[in-house]
Amino acid sequence: MKSDYLRVSTKVKEAVEQKLPVVAIDTAAIYLGLKNDPDFLEVMGGTVGKGGTKPDYALITEETEKIIVQNGAVPASMAVIDGVIHVGLNREKRRFLAENCDSLKRITRRDLPVALTMKWNGVLTISATMMVATMAEIQVVVGMGIGGVSEKHSENLDVSCDLIEMVQNNLVVVTSGVNPGVNPAKSMEYLETHGVPVIGFRDDKFCTGWRGEKYHGVQIKIDEPTDIAEVHAVKRSLDITSSMLVIKSLDEDVKPECIDAVAGGEKMIEVLKDNATLGAWIASAISMDLDPNIRSKNTKTFSRKKEEKSMSFEVWLFAVKGFAQNYDVAQLIYNNLPESEKERLRQEYEDTVK
């Protein structure tokens, strides 16, 4: 049984049961993303681990989780420890992974059964994270980048199992694009051929600073997290099996000199915070159980089935009214409004969820 191999933290389990927003995190990108991979270094033209220095991987994970919490969702970092999948890592487990990063296995969807049988310690790639997220009933995954069709595909026929899992699963995956060593155009074509929507968040292109042609287009641009959540809801209503790749493009090129251990760690925190913020927004919108059949296009409010639990007022302020980037700030702004405006918003809220 799956439960024999899966340990979900109390916080994550309660959040899923209460239909609160939960975001899974790609841990392989954090703990193994800055290691001395020859292919990675060849593509990037840089060096990693200069002077034996390493980033604080536990801190990177903690900072990513913190931004998810600040934006109203529950983080679910994942790892295999002693042959058991842990969903929701506490500080002790994050520190254990950081202290043993040199011996950690990089676990893909292919490796997961072996990892559990052989009692490995390891971190999960996008593909394995998606598999475990589905087991734990989590609908949003965030990471740095996604694997794809290799630059050397004509020689080795290498296609990342991240893409295979995108085709077979039904989640929302938020990244900054594709990983170094991957051909962006061929990867996007693979996803299109297999019916996987690739969505640019507030941009119709994404940057790959490690390539000659730095910017690559996407066919769909969506500006609002609630719209992304609604597309996800419609897909599930139609029983369309495939995930959605949402790209939050980098604001600037990732240059080879940034892939030094310390500078790279700082850049990783910056990128992951952006992606985690967007992931939390989307998860929050999904948690409202939007009814895709009834929608007011003008007021941007959503009707719900009466038997469903109403969205919280804070979620409504944050996600529907766009008051702020997290619930706490939305509530603070509301508390400082004139009483007449508070009453108007309260009435609008009640009309929306009843």
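Located above this text is the structure these notes cover.
Residues numbered from 1 in each chain as written. Predicted model: local features only at pLDDT ≥ 70, side-chain atom pairs only at ≥ 80, totals over all residues. Heavy atoms only, no water.

So, about the packing of helix H9 (residues 161-168) against helix H10 (residues 184-193). Between H9 and H10, the shortest axis-to-axis distance is 10 Å and the interhelical angle comes to 25°. Viewed along their axes, H9 and H10 adopt a mutual orientation that is roughly parallel. Considering how the two elements wind past one another, H9 and H10 form a crossing that is right-handed. On the side of H9, the interface is formed by Leu163, Ile164, Met166 and Val167, while H10 contributes Ser187, Tyr190 and Leu191. Along the lines of polarity and charge, the residues of the contact of H9 with H10 split into 6 nonpolar, 1 polar and no charged. (Axes fitted to C-alpha atoms, helices over the stretch in contact; angles between N-to-C directions. Helix = DSSP H or I, 4+ residues; strand = E, 2+ residues; numbered from the N terminus. Parallel < 35°, antiparallel > 145°, perpendicular 65-115°, else oblique. Left-handed = near helix turned anticlockwise from the far one by under 90°. Contact = heavy atoms within 4.5 Å. Nonpolar A, V, L, I, M, F, W, Y, C, P; charged D, E, K, R; others polar.)

Another point: the packing of aromatic side chains. All told, the structure shown has 2 aromatic pairs when counted by the stated rule. Consider the rings of Tyr31 and Tyr57, whose centres lie 6.0 Å apart with planes at 40°: the pair is tilted. Here the residue Tyr31 occupies a position in helix H2 (residues 27-31), and Tyr57 occupies one in helix H4 (residues 57-70), the gap between them amounting to 26 residues. Overall, the relative accessible area of 0% leaves Tyr31 in the buried class. A cation sits over an aromatic face here: Lys105 above Trp120, 5.1 Å from the ring centre. (Phe/Tyr/Trp six-rings, centres within 6.5 Å; stacked < 30°, edge-to-face > 60°. Buried < 20%, exposed > 50% of the residue type's maximum accessible area, 1.4 Å probe, protein only. Lys NZ or Arg CZ within 6 Å of the ring centre and 35° of its normal.)

The next subject is helix H7 (residues 126-135). Taking burial as the measure, the 10 residues of H7 include 7 buried ones, the bulk of the element. Phi turns positive one or two residues past the end of H7, at Glu137, with a value near 65°.

This part is about the pairing of strand S3 (residues 74-81). Counting buried residues along S3, 8 of its 8 residues qualify, which places the element largely inside the surrounding structure. Side chains Val74, Ala76, Met78 and Val80 project from S3 onto one buried face, and the interleaved Pro75, Ser77, Ala79 and Ile81 project onto a second face that is buried too. The pairing of S3 with strand S4 (residues 84-87) spans 4 bridges and is classified as antiparallel. If you follow Met78 over to S4, its bridge partner there is Val87. Linking S3 back to S4 in an antiparallel pair, the connection comprises 2 residues, with Asp82 at a positive phi of about 55°. Note: S3 against strand S6 (residues 122-124), 2 bridges, orientation antiparallel. Following the sheet pairing, Val80 is matched in S6 by Gly122. (Pairing = 2+ DSSP bridges.)

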